[in-house]
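# Observations on the model geometry
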Amino acid sequence: MNCETARILMENHDPGLEAHLLSCPSCIIGTHARYYEAPPGLEQKIRQSLRRENRAPGTWRWLAIAASLLLVASVAGNLALFRSRVDRRQLTAAAVLSAHVRSLAGTHLLDVPSSDQHTVKPWFNGKLDFSPVVKDVEGFPLLGGRLEYFEERPAAALIYGRRKHIINLFSWPSSRSAAAETEVRNGYNMENWSGNGMTFWAVSDLNETELRQFVSLYRQSQTPELR
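Residues numbered from 1 in each chain as written. Predicted model: local features only at pLDDT ≥ 70, side-chain atom pairs only at ≥ 80, totals over all residues. Heavy atoms only, no water.

### What about the packing of aromatic side chains?
- Enumeration according to the criterion identifies 8 aromatic pairs in this entry.
- When the centroid spacing of 4.9 Å and the interplanar angle of 25 degrees are considered together, the rings of Phe 150 and Trp 172 count as stacked. With Phe 150 in strand β3 (residues 142–150) and Trp 172 in strand β5 (residues 165–173), this pair connects stretches of sequence that are 22 residues apart.
- Looking at Trp 172, the relative accessible area reads 0%, which means it is buried.
- Here the aromatic residues Phe 140, Tyr 160, Trp 193, Phe 200, Phe 214 and Tyr 218 are joined through ring pairs into a cluster of three or more.
- Looking at Arg 162, its charged tip hangs above the ring of Phe 140, at a distance of 4.4 Å from the centre. (Phe/Tyr/Trp six-rings, centres within 6.5 Å; stacked < 30°, edge-to-face > 60°. Helix = DSSP H or I, 4+ residues; strand = E, 2+ residues; numbered from the N terminus. Buried < 20%, exposed > 50% of the residue type's maximum accessible area, 1.4 Å probe, protein only. Lys NZ or Arg CZ within 6 Å of the ring centre and 35° of its normal.)

Here you go:
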């Protein structure tokens with residue numbers, strides 16, 4: 001008996017089918033399988049579910065792409081800002097060091113030569129839009145002051161001594177705020193810090209330890225006031 005004949009017997013429930021079923025698994029399944037009619041609306045629900053599933057990967061894909069683009073833009077922006085700050089600081093450091101070296105090489109170290117803070121401080125009146133802190137620093141005698149220009153604005157230069165070493169202390173108003181940083185350029189030690197609306201740079205060929213000592217003593221003073 002072949003399967004075609006067996007299918008006819010299945011429809012008629014013919015007892016002669018048994019011999020064929022013993023040798024044909026396919027027909028065994030056919031005789032025992034039950035068929036049910038799908039409930040109303042099932043097909044439509046299945047189709048709607050499939051459509052939602054098909055849309056979901058696309059939606060999430062676009063959300064993932066958008067998130068990635070935002071992340072890339074944010075990282076790029078932060079890197080650009082960081083590089084801008086680093087470049088600006090490096091340019092300022094170069095200008096500060098140049099001013100220090102120029103003051104030592106020429107005859108323009110002092111505009112107002114005096115060890116009296118009450119003489120040096122009033123000299124800046126009318127020349128600056130802020131009042132620099134001019135004070136005696138123990139172990140680092142005040143030698144005087146002069147005008148300088150940084151970041152396209154006038155700045156104060158206070159000159160202190162330590163044995164045969166000269167310290168230039170530059171200051172001018174700035175909106176930046178930063179902790180003290182130390183660096184060495186061309187054999188000169190440099191200390192830079194910002195806060196309370198002011199930026200400071202101390203430069204000297206004095207060793208790093210003593211320059212830091214000077215900066216620490218000077219920073220115990222009050223912050224300069226803008227006029």
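Additional details are given in the paragraphs that follow.
### Examining the pairing of strand β4 (residues 153–162)
- The buried count for β4 comes to 9 of 10 residues, which makes it a mostly enclosed element.
- By the bridge criterion, 8 bridges tie β3 to β4 in an arrangement that is antiparallel. Across the sheet, Tyr 149 pairs through a bridge with Pro 154, a residue of β4.
- In textbook terms, the turn of a hairpin is the stretch between consecutive antiparallel strands, and for β3 and β4 this stretch comprises 2 residues, one of which, Glu 151, has a positive phi near 50 degrees.
- Strand direction decides the pairing type here: β4 and β5, joined by 7 bridges, are antiparallel. Following the sheet pairing, Ala 156 is matched in β5 by Ser 171.
- Hairpin geometry of β4 and β5 is characterised by an intervening segment of 2 residues between the two adjacent antiparallel strands and by a positive phi of about 55 degrees at Arg 163. (Pairing = 2+ DSSP bridges.)

### Focus: the environment of Met 190
- As for its position among the elements, Met 190 is in strand β7 (residues 188–195).
- Sequence separation of Met 190 and Asp 205 is 15 residues, and the distance between their C-alpha atoms is 8.8 Å.
- The residues touching Met 190, leaving out its near neighbours within four places in the chain, are Ala 93, Val 96, Leu 97, Glu 181, Thr 182, Glu 183, Arg 185, Trp 201, Ala 202, Val 203 and Leu 211. (Contact = heavy atoms within 4.5 Å.)

### Notes on unusual backbone geometry
- The phi dihedral of Glu 152 is positive, around 60 degrees, even though this residue is not glycine.
- Along the chain, Glu 152 falls in the loop between β3 and β4.
- Judged by relative accessible area, Glu 152 falls into the exposed class, the value being 86%.
- Non-glycine residue Arg 163 carries a positive phi angle of around 55 degrees.

### A short note on helix α6 (residues 208–218)
- Within α6, the full set of buried residues consists of Glu 210, Leu 211, Phe 214, Val 215 and Tyr 218. End-on, the buried residues of α6 take up no more than an arc of 140 degrees, which puts them together on one face.
- Residues of α6 that are buried make contact with β4, β5, β7 and β8 (198–204).
- Sitting at the amino-terminal end of α6 is Asn 207, which places a side-chain oxygen 3.2 Å from the backbone nitrogen of Thr 209. (Arc of directions from axis to C-beta. Polar contact = N/O pair within 3.5 Å; in protein donor to acceptor, adjacent residues only side chain to side chain.)

### Let's talk about the pairing of β8
- With 7 of its 7 residues buried, β8 lies for the most part within the structure.
- Side chains Met 198, Phe 200, Ala 202 and Ser 204 of β8 all project onto a buried face; the interleaved residues Thr 199, Trp 201 and Val 203 project onto the opposite face, where all are buried too.
- With antiparallel pairing between neighbouring strands as the criterion, β7 and β8 make up a hairpin whose turn holds 2 residues, including Asn 196 at a positive phi of roughly 55 degrees.

### Remarks on the confidence of the model for the chain
- Residues with a pLDDT of 70 or more make up 60% of the chain, whose mean pLDDT is 78.
- In the model, residues 32–36 has pLDDT below 50 throughout and makes 0 contacts with residues more than four positions away in sequence or in other chains.
- Of the regions scoring below 50 in pLDDT, residues 75–84 engages in 0 contacts with residues more than four places distant in sequence or in other chains. (pLDDT = per-residue confidence, 0-100.)

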